[in-house]
Amino acid sequence: MYNMGISLLPLTHVLVAYTSILFPCLLFSRSPMRVLALRWFTPFLCSLFLLPILIPSTLSASPPPPLHAPSTPAVAATFKVGLILDMSSDNGKVCRTVARMAADDFYAHHPNSTNRIVLLPRDSSRDVVNAAAAALVLLNADEVHAILGPQTSVEAPFVADLGAKASIPVVSFSATSPAVSPARSPYFVRAVPSDAAQVRAIAAIVQAFDWRRVVAVYEDSDYGTALVPFLVDAFDEVGASVPYRCALSPSATDDHISAELYRLKTLQTRVFVVHVTSPLAIRLFPLIRSAEMMSDGFVWILTEGLTSLLGSIDPPTLVTDTMQGVLGVKPYIPWSRRLRDFKRSWRREFLKENADSDITELSNFGIWAYDAVWAMAAAAELLGSVVGPDFDMPENSGATDFSKLGVSRTGPKLLDCIKQTEFQGLGGRFRLDNGELNVTAYQIMNVNGETARKIGFWTATHGLTQEPNSNSPSPYSATREGLLPVIWPGYSTAVPKGWATPTSGRKLRIAVPGPVEPGFQSFLNVERDPATNVTVASGFVIDVFEAAVRQLPYALLFEYESYRNDNGTSGGDYNALVKQVYYKKYDAVVGDVTITANRSMFVEFTLPYTVSGVSMMVPLRDQHSKNAWIFLKPLTTDLWLVSAAFFVFTGAVVWTLEHRRNEEFQGTPGQQLGTVFYFSFSTLVFAHRETLMSNLSRVVVIVWVFVVLILQSSYIASLTSMLTVQQFRPTVGDFEELKHSGQHVGYLKNSFTKGLLLKLGFQESKLKPYRSPQQYQEALSNGSVAAIIDEIPYLRVFLKDYCDNYTMAGQTYKTGGFGFVFPKGSPLASDLSRAILNITEGDEMTEIERRWFGDQTSCPNQGSTLSSDTDRLDFKSFWGLFLITGAVSMLCCIVFLSRSAYRNRRTFKDIAAEKSFSRRLVSIARLFVARNSSSHGTRRRPEPKQVGPATRDASPSASPYSNDADRQTTISDHTFDGGSPSPEIGSPIPDPRPHAEITEASR
């Protein structure tokens, strides 16, 4: 009837207009039909004028149309969907308008749909009971197929439980709390990103600016408390902690909120993460400004729930007046023309329905509401035609609405259709992962002026970036370079350090070992000021600790307490001291505590701040000129042997090149051998007098003399140093020598060194405890102990005063070094470890050591003056010289032998013809040792003996070693026979006299 009335109204207006023209014509006409026309037309005219009046009065009693009022085809089935919103809230008004427009847009694009959703709006008034009651009405009375909503995370769990009982899908586009999830409620679908997905983006911001402590300010409801564990875990992954949590009830008074804010102001942390709903935020931020906490040095980070609503908060002046400089994160929604056009259409429609509203920007929740309605319509279409009743009612229903609740037949299948739905929505690609909307990127926002400006993006793949480029090959990075410049609270551009010196809070109770022996007070000292009764600590350890504390990115309040008994004695050994932290009697221990595996089972250590290891302190003795064989010390054994070998080798090479032509290298075998050794060793003092006739031998000798010069100079320099400079040597070389000597050994009392010595095999009866460096010196000087074994830092303190007569010797047994002690899991251990590394890598640690231990490099009897075998000259330093002289000698020999073989090639052919191998060797040997007749300086000898007829009758030209005297030359290449043919095998042995004498005798 309502639709029929709407269609008749235009028709009646047309008839009335037409009749108003026709009636005057009939009234003044003179036609005979005039009377008949007036009789019948007058009643019709009256009824026609009354029809427009009667129709609206009849239609006024008709029910209101659905939100979208579609002109559906007759074949479309009605698909009822409930819509639970807070109709009085700004977000509820926005989502109601968006839902109606989404349904209209879907069916405008799909006019032939088999199912057409009809939205049935219900008001929850932001109350859990009202939301549950509205859901019951929709399920029992209206028998809806699905429910969109509810609006808040507090209402969602109750409605989701009702949906699960009735097998009705509950699709929420604004309930983001992890308190309700598809994993807990199988029929709950979250068409909006979960709050848990944003915590890594917030943690990346904290990591980028190197803030180590964060305070969580959250709403004390299911919406707020459910996110806190996720925040704490995310901050822990980036090395930050949450030392304090501020929970604000939605019903808290302004005075209570102000009191909590002033309590936060007294803490040292200045970084706050705010996770509250918009009604509480509207009250909270003006109070933050009143408490002067929206100023320079403070950092406020908003979660997604508030950041997405910054453009739709009423009044808009709240953002400009109280939220300048805050940061926020929200899911990234890519720009599109479709989104731009829809925002324009929505703004017109929303202002028609809410003319008094100041909201002009569509929030992310409105965009997700649009996609949720679109997904519901698409799932209804995917479900197919709905036939028969939708609910199976219980047989024995009770009197309550809960007992009357039926079970939907279409619910399970509809739920599957919703989860399978995927399309390109206003907010990007709509796809559900495990029943929740998938979001790949978050925007980092900075409130500046009336709006929030975009300063960067966060993705799980690339971290913080200035552009949401998912195809970038860069790895994950969380640095401030990935963000645009930020304007902080107070309109400051300087990055807040995130902490301030607190005005209240508990101080850490730090135990310091005491009392300390006078000799080690430069290392650590603790005293009590009698005037103030305050424990005052000083020394190297304290300076390192306080320097590390200054490196921390936050303030650390602490006070020292001496670990001693009431009578002033030590409270126990260091193992007992470490256990005090384990028993929570102290918060930390700062002292010379060695890091051991056993202690690390109970507490946590920082990185070591000193050189680690256990070494041995022994007296020095002077080795100056007390060794009769000191002249052998400059060179090592291998260098002595190699040098001697090359002396002989060089002499042999020179003899090879000279003996056939140089009479000075000839004679009996004994004479020749003596010549070889004499010549080679005489080059050591450059006293060789033999004349060299071969150029090859001269080259060999020149190179060898150069090598001898280098060796001689190095030897003289090293020997001079040994004879003139004092040479101090440790009395004990290593631990093994000390252990087998059976002498007494000293160690520091109450130190773990005793246990180490027992493990190394030392007898307990040979161990003597001492308490100070003075006692160390007395025991070493009077011979009570042969050595003091202690940790290197303590030995350095000893050397500060007694380095003239003592030194560290032997190997070093590695230990964990000294570290500061904290309870297990304490973040201070890792923070101070990082600070210790910064100090060690810089110059500050060197300055601290020089301040307390002095410059130990200036000690006269330490370092290079200690005698050691490593100071001797070895073969490794001279192998290059030996390589050169050996290569030159070998090359000259090869040249000599090659040319000789070429000139005696005929003789070698005759030798090769011999059948006996031994005769070949003998012939070659005779040929090699035979004199060359062309040698210089030949002397006259007696006539040769008659060896055989071949010799008697031989003419000069037939002499096997004949040569023309005019062809004599000084070149050493005239080898063997100077180019004359060699004697044949079996011929008489030639006379060793020169050829001239043989010729004259023959004549």
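Cut-offs applied
- Residues numbered from 1 in each chain as written.
- Predicted model: local features only at pLDDT ≥ 70, side-chain atom pairs only at ≥ 80, totals over all residues.
- Heavy atoms only, no water.
- UniProt positions renumbered as here; feature names shortened; annotations may be inferred.
- Helix = DSSP H or I, 4+ residues; strand = E, 2+ residues; numbered from the N terminus.
- Buried < 20%, exposed > 50% of the residue type's maximum accessible area, 1.4 Å probe, protein only.
- Contact = heavy atoms within 4.5 Å.
- Areas by Shrake-Rupley, 256 points an atom, 1.4 Å probe, with all protein chains shown as cover.
- Pairing = 2+ DSSP bridges.
- Right-handed = clockwise from strand over helix to strand, strands pointing away.
- Axes fitted to C-alpha atoms, helices over the stretch in contact; angles between N-to-C directions.
- Parallel < 35°, antiparallel > 145°, perpendicular 65-115°, else oblique.
- Left-handed = near helix turned anticlockwise from the far one by under 90°.
- Nonpolar A, V, L, I, M, F, W, Y, C, P; charged D, E, K, R; others polar.
- Salt bridge = Lys/Arg side-chain N within 4 Å of Asp/Glu carboxyl O.
- Lys, Arg positive; Asp, Glu negative; His and termini not counted.
- Polar contact = N/O pair within 3.5 Å; in protein donor to acceptor, adjacent residues only side chain to side chain.
- Core = buried A, V, L, I, M, F, W, Y, C linked by side-chain atoms within 4.5 Å.
- Patch = residues over 30% accessible without salt bridge, like charges linked within 9 Å, V, L, I, M, F, W, Y side chains within 5 Å.
- Phe/Tyr/Trp six-rings, centres within 6.5 Å; stacked < 30°, edge-to-face > 60°.
- Lys NZ or Arg CZ within 6 Å of the ring centre and 35° of its normal.
- Expected span 1.5 Å × (residues − 1).

Under an unreviewed UniProt entry, the name given to the protein chain is Ligand-gated ion channel, and the organism recorded is Musa troglodytarum. The UniProt entry for the protein chain carries the following comment under Sequence similarities (unreviewed entry): "Belongs to the glutamate-gated ion channel (TC 1.A.10.1) family." Under the Subcellular location (unreviewed entry) heading, UniProt states for the protein chain: "Membrane".

> Can you lay out the overall build of the protein chain for me, pointing to particular residues and giving the numbers?
Along the backbone of the protein chain there are 31 helices and 32 strands. Every one of the 1003 residues in the protein chain was classed for burial, and the buried ones make up 47%. Residue pairs in contact within the protein chain that sit at least 24 positions apart in sequence constitute 74% of those at least 6 positions apart. A total accessible area of about 48,600 Å² is found for the protein chain, and carbon and sulfur atoms account for 56% of it.

> I'd love a proper account of the pairing of strand S9 (residues 299-302), names of residues and values included.
On S9, burial covers both faces: Val 299 and Ile 301 on one face and Trp 300 and Leu 302 on the other are all buried. Where strand S8 (residues 271-275) and S9 come together, 4 bridges link them in parallel fashion. From the neighbouring strand, Phe 272 faces S9, where its bridge partner is Trp 300. Taken together, S8, helix H10 (residues 278-290) and S9 form a β-α-β motif whose crossover is right-handed.

> Outline the UniProt feature "transmembrane region" (unreviewed entry) in the protein chain, listing residues and values.
As annotated in UniProt, the feature "transmembrane region" (unreviewed entry) corresponds to residues 6-28, 40-59, 639-657, 699-717 and 878-897 in the numbering used here. The span residues 639-657 is 100% helical and 0% strand by assignment, and the distance between its end C-alpha atoms comes to 27 Å. Taken end to end, residues 699-717 is 100% helix and 0% strand, and its first and last C-alpha atoms sit 28 Å apart.

> Please give an account of the packing of helix H9 (residues 254-266) against H10 that cites residues and values.
As a packed pair, H9 and H10 sit with axes 10 Å apart at the nearest point and diverge in direction by 50 degrees. Taken together, the axis directions place H9 and H10 in an arrangement best described as oblique. Crossing hand, H9 versus H10: right-handed. For the pair H9 and H10, the contacting residues are Asp 254, Ile 257, Ser 258, Leu 261 and Tyr 262 in the first and Leu 280, Arg 283, Leu 284, Leu 287, Ile 288 and Ser 290 in the second. Class assignment for the residues of the contact of H9 with H10 results in 7 nonpolar, 2 polar and 2 charged.

> Give me the lowdown on the environment of Ile 487, citing residues and values where you can.
Tracing the backbone through its elements, the reader meets Ile 487 in the loop between strand S19 (463-465) and strand S20 (508-513). Between the C-alpha atom of Ile 487 and that of Val 326, which follows or precedes it by 161 residues, the distance is 8.3 Å. Setting aside anything within four residues of it in sequence, one finds Ile 487 in contact with Gly 325, Asn 446, Asn 448, Arg 453 and Ser 492.

> Run through the sheet that holds strand S23 (residues 558-563), naming residues and quoting values.
Ordered by their spatial adjacency, 5 strands build an open sheet running S23-S20-S24-S32-S25, and the pairing between neighbours is mixed. If you trace the sheet from one side to the other, it starts and ends with S23 and strand S25 (604-605), each paired once. Taken together, the 3 bridges between strand S24 (residues 588-594) and strand S32 (residues 818-822) define a ladder with antiparallel strand orientation. In the sheet register, Val 589 faces S32, and the bridge partner there is Val 821. Relative to S32, helix H25 (residues 827-841) is tilted by about 155 degrees, and along the sheet it contacts S20, S25 and S32.

> Outline the pattern of salt bridges, supporting the account with residue identities and numerical values.
Counting across every chain of the model gives 23 salt bridges. The partner of Arg 263 in a salt bridge is Glu 260, with the nearest N and O atoms 3.6 Å apart. With Arg 263 and Glu 260 both in helix H9 and 3 residues apart, the pair spans about one turn of that helix. For Arg 263, a relative accessible area of 46% translates into the label partly exposed. According to the relative accessible area criterion, Glu 260 is buried, its value standing at 12%. For the salt bridge of Glu 422 with Arg 431, the shortest nitrogen-to-oxygen distance reads 4.0 Å. Residue class for Glu 422 comes out partly exposed when judged on its relative accessible area of 42%. The partly exposed category is assigned to Arg 431, whose relative accessible area is 31%. Each of Arg 100, Asp 104, Glu 349, Lys 352 and Glu 353 takes part in salt bridges that share partners, so that together they form one network.

> Give me the sheet that holds strand S17 (residues 441-448): which residues, what numbers.
Ordered by their spatial adjacency, 8 strands build an open sheet running S7-S6-S8-S9-S10-S17-S18-S19, and the pairing between neighbours is mixed. The open sheet has two edge strands, strand S7 (245-248) and S19, and neither has a second partner. Neighbouring strand axes in the sheet, compared pairwise and without regard to direction, differ in orientation by 25 degrees on average. Two elements, strand S6 (residues 215-219) and S7, share 4 bridges in a ladder whose sense is parallel. When the bridges of S7 are listed, Glu 219 appears paired with Leu 248.

> Could you give me a rundown of the side chain of Asp 790, with the residues and numbers involved?
For Asp 790, the position within the fold is in strand S30 (residues 787-791). One buried charged residue, Asp 790, forms no salt bridge at all, with the nearest opposite charge on Arg 599 at 11 Å. Here the side chain of Asp 790 touches Tyr 776 through a polar contact of 2.6 Å, side chain to side chain. Apart from the residues lying within four places of it in its own chain, the contact partners of Asp 790 are Gly 613, Val 614, Ser 615, Leu 748, Ser 751, Thr 753, Tyr 776 and Leu 795.

> So, the nonpolar core: which residues are in play, and what are the values?
Counting 87 residues, the largest nonpolar core has Ile 117, Leu 148 and Phe 285 as the members making the most contacts within it. If one sorts the elements of this core by residue count, helix H14 (residues 364-383) sits on top with 14 residues. Core analysis: the next-biggest nonpolar cluster, separate from the first, contains 52 residues, Leu 508, Ala 537, Val 541 and Phe 822 among them.

> Give a detailed account of the environment of Thr 656, specifying residues and quantitative values.
The topology assignment puts Thr 656 in helix H18 (residues 637-658). Take Thr 656: its relative accessible area is 16%, and that puts it in the buried class. Separated by 41 residues in sequence, Thr 656 and Ser 697 place their C-alpha atoms 8.8 Å apart.

> Tell me about a nonpolar patch on the surface, residues and numbers included.
Judged by side-chain polarity, Trp 629, Phe 631, Leu 632 and Trp 640 come together as a nonpolar surface patch covering roughly 410 Å² of accessible area. Within the secondary structure layout, Phe 631 lies in the loop between strand S26 (614-622) and H18.

> Mind laying out the pairing of S17, listing which residues take part and the relevant values?
When you tally the buried positions in S17, you get 7 out of 8 residues, the bulk of the element. Summarising the sheet, strand S10 (residues 327-331) and S17 pair through 5 bridges and their orientation is antiparallel. In the sheet register, Val 329 faces S17, and the bridge partner there is Ile 444. Here 8 bridges tie S17 to strand S18 (residues 451-459), and the two strands are oriented antiparallel to one another. Bridged to Asn 448 within S18 is Thr 451.

> An account of the packing of aromatic side chains is needed here, citing residue identities and associated values.
Across all of its chains, the model carries 43 aromatic pairs by this definition. When the ring of Tyr 332 is compared with that of Phe 457, the centres are 5.1 Å apart and the planes differ by 85 degrees; the resulting orientation is edge-to-face. Taken together, the positions of Tyr 332 in the loop between S10 and helix H13 (337-353) and Phe 457 in strand S18 put the pair 125 residues apart, joining distant regions of the chain. Both rings, one in Phe 735 and one in Tyr 813, keep their centres 4.9 Å apart while their planes meet at 85 degrees; by these two values the pair is edge-to-face. Residue Phe 735 is found in helix H21 (residues 735-741), and its partner Tyr 813 is found in strand S31 (residues 806-813); the two are separated by 78 residues along the sequence. Among the aromatic residues, those joined into a cluster by ring pairs are Phe 520, Phe 523, Phe 540, Phe 545, Phe 558, Tyr 560, Tyr 609, Tyr 794, Phe 818, Phe 820 and Phe 853. For Arg 338, the ring lying beneath its charged end belongs to Trp 374, and the centroid distance is 5.0 Å. When the ring centre of Phe 602 is taken as reference, the NZ or CZ atom of Lys 579 above it lies at 4.6 Å.

> Kindly report on the packing of helix H16 (residues 540-550) against H25, identifying the contributing residues and their values.
H25 packs onto H16 with a crossing angle of 105 degrees between their chain directions and a minimal axis gap of 8 Å. Between H16 and H25, the interaxial angle falls into the category roughly perpendicular. Residues Val 544, Phe 545, Ala 547, Ala 548 and Val 549 of H16 form the contact with H25, whose participating residues are Leu 832, Ala 835, Ile 836 and Ile 839. Of the residues belonging to the contact of H16 with H25, the class tally is 9 nonpolar, no polar and no charged.

> Any chance you could break down the side chain of Ser 185 for me, citing the residues and the numbers?
Among the secondary structure elements, Ser 185 is positioned in the loop between strand S4 (170-172) and strand S5 (188-190). If we ignore the near neighbours within four places in the chain, the residues touching Ser 185 are Ala 160, Asp 161 and Val 180.

> Break down helix H4 (residues 128-140) for me, with residues and values.
Given a rise of 1.5 Å per residue, 13 residues ought to cover 18 Å, and the 18 Å separating the end C-alpha atoms of H4 matches this to within 8%. Considering only its buried residues, H4 is in contact with strand S1 (77-85), strand S2 (115-123), strand S3 (146-148), helix H5 (156-166) and strand S11 (391-392). Measuring from the backbone nitrogen of Val 129 back to the side-chain oxygen at the start of H4 gives 3.0 Å, which picks out Asp 127 as the cap.

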